[in-house]
Each structure stands twice: as structure tokens, then as C-alpha cells.
Amino acid sequence: GNHTQSEFILLGITDTPWAQAPLFGLFLLIYVVTLVGNIGLMVLVWVAPSLHTPMYFFLTHLSLADICYSTVISPKMLTDLLFGNKTISWAGCMTQFHLFALFVTAECHLLAAMAYDRHVAICHPLSYVTAVSPRACWQLVAWSYLVASLSALIYTGCTFGGSFCGLRHVDHFFCDASPVLRLACSDTHGSEVAIFALAAANGLGTSMVILLSYGRVLHTVLGMRSAPSRARAFHTCASHLASVSVFYGTLFFMYLQPASRHGSQDKVASVFYTVVSPMLNPFIYSLRNKEVKAALEK
């Protein structure tokens, strides 16, 4: 009764008092590793001439997206766990969701651009310089952010465009579309359909590019005569596909199912793509590569 109608209350990951301190320590460690890993990778690519290639150019933007959407979520979640102040203003809630949607959508398109880069490099090496030129790289990145910006505007308008009444208890640790829409007084069917359709277009479209690209890569790798070359290529593809599977699997679970099927398991799935995936990406995509190890040694 002490909260104004311009505020939401995030119920958080758990309301069990004894679990909040361990979760705070765990998520703080993950967030610090995320920042150090991604910022370190970006700096390394900038200062090492040997890494001035299209693949690492896309990786710097992937790291930037990871830093941004992790920072949109983690600090607020950590302060809620530490101090128990789980209120967030209407404007803050809308801004958090908008930025989250923007950078997650941008990451989907950046992952597709990276898969296309690997496809051209392995399957069409003679045309790689022209197909993935610096201009083409900037165009792919600009397209990723443009589509993400327009999509985020639509997601945000559909989620916060209605009216809210009663207790504004968001059953989540951040302002996501499904738990916010449950609080709306007005009919949300149209908004849910629009969000589902746009999420399907972004998610399925980019995932198909990734699967087709890596399918062609694997087909080319199987035709290699050198066993060590095949092993290296399979190792790289397996690592990348593992990361993509975790990211897209949890996204599809969250956004490509009817609103009536959402429940408490959503929080567990959300942790993977908002907290865990940004931490793992620098290690999976780069720090196991010989080029990065050589640049670090120099």
C-alpha cells in the first residue's frame, strides 16, 4: 500500500532468505567474469594487429552486446538480492526491457553474421576477401543493430502500451514481456501475437542462417583429406554450436510458447541467456583459439 501506481515490484529469483546471500555471491562472480572476459577480448582485438579479421570484428560486437544486456539485468538483480529493495519505476522497467530486447536481438543477428563468415571462410576461401570485406562487415553489423532497434521498439510498445492496475508484482528478476503482460488490465492477445510473431521472425530466421551455414561447413570439413584439419574444424564447430544451442534453446523456450504455459521454470531458463551465456561466449568463441593465445602471449 506504500507503493505508488508508477512502480513495479520485482519478486526476484527466490523469496527464501537463506538462499539470497549465496545467489548474490554466485551472480556477482559471474557478472565480474563476464565483464573481464568480454572487455578483455575487445581490448585484445583492438591492440593486436593479427586479430584484425572479420571473425574477431564480429566477436567484438558480440562481446559488446553481451556486456550491455548483462549490465541491463545483473546490477539490478544483485542489488535486489543484497538489499531486498525490489521496486522499480515504470520508466525504469520499460527502459530495462527495451535495452534487453535490443541487445539480445542484436546478438541473434551477430551470431548469424559470424556463422556466415565461417561458411564463406571454409567453403569459399577464394572469394572470402571480397564477400566479407570491411564494408560488408560494417553493413552486417549495422543491419543487426537496425533490426534490433526496430524490433525492440515494437516489443516495448506491445508490452507497455496497455493499462496496468492492481498489485504490480512482476514474478521475475527483471522486467520481461510475459510477466509484465500478466499485470495488464486491457486485452493483451494482440500484443502477445505480435511479440510471438516478431520473436519467431528474428529467432527462427537467424537460427536457420546459422544451421545452414554450419551444415555447409560440416559438409566441406567431411571432404577434407587431412585428419588434423577435420578435427580442428569439428572442434570449433562443436564449441560454437554448443553456445548457440544454449542461447537459442532458452530463448525459444521463453518466447515461442503460449503465454498460458509460462511458469516458475521461466526464471531458470532466463538465467542461462541473461547471465550464463554472456560469461561463456568469450571462452567458447575465442580464448581457445590459437590466434588469441598467440596475441595474448605477445
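These numbers come from a predicted model, not from an experiment.

Criteria and thresholds
Residue indices begin from 1 for each chain and proceed along its sequence in written order. Thresholds applied to this predicted model are a pLDDT of at least 70 for local features of residues and 80 or more for the giving and counting of side-chain atom pairs; totals over whole chains, interfaces and linings are not thresholded and use all residues. To obtain the side-chain values, all non-hydrogen atoms of the structure were included, while hydrogens and water were left out. For two strands to pair, DSSP has to find at least two bridges joining them. Think of it this way: any DSSP run of H or I at least four residues long counts as a helix, any run of E at least two long counts as a strand, and we number them from the N terminus. The pLDDT value expresses, per residue, how confident the predictor is, ranging between 0 and 100. Note on contacts: a residue pair is in contact if any heavy atoms of the two residues lie within 4.5 Å. Within 3.5 Å is the distance limit for a polar contact, defined as a pair of N or O atoms, with the added protein rule that one can donate a hydrogen and the other accept it, and that residues adjacent in sequence qualify only through two side-chain atoms. Our working definition of a disulfide is a cysteine sulfur pair at a distance within 2.5 Å. For the exposure calls, accessible area comes from a 1.4 Å probe over protein chains only, and a residue counts as buried if that area is under 20% of its type's maximum, exposed if over 50%, partly exposed in between. To pair, rings of Phe, Tyr and Trp, with the six-membered ring standing in for Trp, must have centres within 6.5 Å; the planes then decide the type, stacked if under 30 degrees apart, edge-to-face if over 60, and tilted in the middle. Two conditions define a charge located above a ring, namely a distance within 6 Å from the ring centre to NZ of Lys or CZ of Arg, and an angle within 35 degrees of the ring normal.

1. Brief notes about the sheet that holds strand β3 (residues 169-170)
Within a sheet, neighbouring strands are paired by backbone hydrogen bonds and run either parallel or antiparallel to one another.
Here's step 1: The mixed open sheet is built from 3 strands, whose spatial order is β2-β1-β3. Only two strands of the sheet have a single neighbouring strand rather than two, namely β2 (87-89) and β3.
Here's step 2: The pairing of strand β1 (residues 7-10) with β2 spans 3 bridges and is antiparallel. In the strand pairing of β2, I9 is matched with T87.

2. A word on the confidence of the model for the protein
Here's step 1: When pLDDT is averaged along the protein, the result is 87; 93% of the residues meet or exceed 70.
Here's step 2: Summarising per-element confidence for the protein, the mean pLDDT is lowest in helix α8 (residues 227-255) (76) and highest in helix α5 (residues 134-160) (96).

3. Structural notes on the environment of S144
Here's step 1: Mapping S144 onto the fold places it in helix α5.
Here's step 2: A sequence separation of 59 residues divides S144 from G203, and the C-alpha atoms of the two residues are 13 Å apart.
Here's step 3: Ignoring sequence-local partners within four residues, the contact set of S144 consists of A106, H109 and L110.
Here's step 4: Looking at S144, its side chain comes within polar contact range of the main-chain oxygen of L140, at 2.9 Å.

4. As for the state of the cysteines
Here's step 1: Applying the stated criterion across every chain yields a total of 1 disulfide.
Here's step 2: Residue C93 pairs covalently with C175 via a disulfide, S to S 2.0 Å. The disulfide joining C93 to C175 has a torsion of about -120 degrees about its S-S bond and is therefore left-handed. With C93 in helix α3 (residues 90-123) and C175 in the loop between β3 and α6 (177-181), the pair connects residues that are 82 residues apart, well separated along the chain.
Here's step 3: Owing to a relative accessible area of 0%, C175 belongs among the buried residues under this scheme.
Here's step 4: The cysteine C68 is free of any disulfide, with C108 supplying the nearest cysteine sulfur at 15 Å.
Here's step 5: Left without a disulfide partner, C137 is nearest to the cysteine sulfur of C123, which lies 17 Å away.
Here's step 6: Judged by its relative accessible area of 3%, C137 is buried.

5. So, the packing of aromatic side chains
Here's step 1: By the definition in use, this model includes 12 aromatic pairs.
Here's step 2: Look at F173 and F174: their rings are 5.3 Å apart centre to centre, the planes differ by 55 degrees, and that puts the pair in the tilted class.
Here's step 3: Residue classification places F174 among the buried residues on the basis of a relative accessible area of 0%.
Here's step 4: An aromatic cluster is defined as three or more aromatic residues linked by ring pairs; in this entry it consists of F8, W90, F97, F160 and F164.
Here's step 5: Over the aromatic face of F8 sits the side chain of R168, whose NZ or CZ is 5.3 Å from the ring centroid.

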